[in-house]
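# What the coordinates show
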Amino acid sequence: MKKFLLLIAACLALPCAAAPTQTTQHYQFPAAPGSLSPPSTLTITQDAAGGPPAASGIVHDTPESLAQYQRCRTVSDRAAITNADRQSGVMQCLKALQERRKQGAVRP
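Keep in mind it's a predicted model, so treat the numbers as computed, not measured. (Residues numbered from 1 in each chain as written. Predicted model: local features only at pLDDT ≥ 70, side-chain atom pairs only at ≥ 80, totals over all residues. Heavy atoms only, no water.)

A tally of helices and strands in the protein yields three helices and two strands. Starting at the N terminus and walking to the C terminus, you meet the elements of the protein as α-β-β-α-α. In the protein, buried positions account for 11% of the 108 residues. Across the protein, contacts joining residues at least 24 apart in sequence account for 43% of those joining residues at least 6 apart. Carbon and sulfur atoms make up 62% of the accessible area of the protein, which amounts to about 9,100 Å² in all. (Helix = DSSP H or I, 4+ residues; strand = E, 2+ residues; numbered from the N terminus. Buried < 20%, exposed > 50% of the residue type's maximum accessible area, 1.4 Å probe, protein only. Contact = heavy atoms within 4.5 Å. Areas by Shrake-Rupley, 256 points an atom, 1.4 Å probe, with all protein chains shown as cover.)

Glancing now at the pattern of salt bridges. Scanning the entire structure with this criterion turns up four salt bridges. Between Asp61 and Arg101 there is a salt bridge whose closest N-O contact spans 2.8 Å. Here Asp61, found in the loop between β2 (40-47) and α2 (63-79), pairs with Arg101, found in helix α3 (residues 83-102); they are 40 residues apart in sequence, far enough to count as distant. The class of Asp61 is buried, set by a relative accessible area of 7%. The partner of Arg73 in a salt bridge is Asp77, with the nearest N and O atoms 3.7 Å apart. Taken together, the residues Arg73 and Asp77, both in helix α2 and four residues apart, mark about one turn of the helix. Look at Arg73 and you get partly exposed, because its relative accessible area is 24%. Among the ionic contacts, a cluster of salt bridges with common partners joins Arg73, Asp77 and Arg86. (Salt bridge = Lys/Arg side-chain N within 4 Å of Asp/Glu carboxyl O.)

The next thing to look at is the packing of α2 against α3. Between two packed helices, both the angle of their axes relative to each other and the distance between the axes serve to describe the pair. Across the interface, α2 lies against α3 with an axial gap of 9 Å and an inter-helix angle of 165°. Classed by the angle they form, the pair α2 and α3 counts as roughly antiparallel. In this structure, the crossing between α2 and α3 has a hand that is right-handed. Along the contact surface, α2 presents Ser65, Gln68, Tyr69, Cys72, Arg73, Ser76 and Asp77, while α3 presents Arg86, Gly89, Val90, Cys93, Leu94, Leu97 and Arg100. Among the residues making up the contact of α2 with α3, the classes are represented as six nonpolar, four polar and four charged. (Axes fitted to C-alpha atoms, helices over the stretch in contact; angles between N-to-C directions. Parallel < 35°, antiparallel > 145°, perpendicular 65-115°, else oblique. Left-handed = near helix turned anticlockwise from the far one by under 90°. Nonpolar A, V, L, I, M, F, W, Y, C, P; charged D, E, K, R; others polar.)

Looking now at the side chain of Arg100. Inspection of the secondary structure puts Arg100 in helix α3. No salt bridge is formed by the buried Arg100. Its closest oppositely charged neighbour is Asp61, at 7.0 Å. Only 3.1 Å separates the side chain of Arg100 from the side chain of Gln68, close enough to count as a polar contact. (Lys, Arg positive; Asp, Glu negative; His and termini not counted. Polar contact = N/O pair within 3.5 Å; in protein donor to acceptor, adjacent residues only side chain to side chain.)

This part covers the environment of Val106. With respect to the helices and strands, Val106 occurs in the segment after α3. Relative accessible area serves as the criterion here: at 32%, Val106 is assigned to the partly exposed category. Put simply, Val106 and Thr62 are 44 residues apart on the chain and 5.4 Å apart in space, counted from C-alpha to C-alpha. Among all residues touching Val106, those that are not within four sequence positions of it are Val59, His60, Asp61, Thr62 and Arg101.

Rendered as structure tokens:
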């Protein structure tokens, strides 16, 4: 029983030992003396592990999807009479674009 507990404790300790280390840097802004604005703090946390780079978050739509969006905007803008109509049309075009993105109309 004692060996079993030691084995469990060793297995639980392994993920902690293998966890990547992080460094945190704090910067105070404005750094210039005599500034009248209150200081702000910028905190940067950096992983020490050299893993794969994080996804940039940039969406690359397919040319066909962009062409559909442009056609939707053109038709919507021509049909709009008021600014509210134009805004409503833009929202509908954006919703359609988001639906195409969910369906995979995005190039890698």
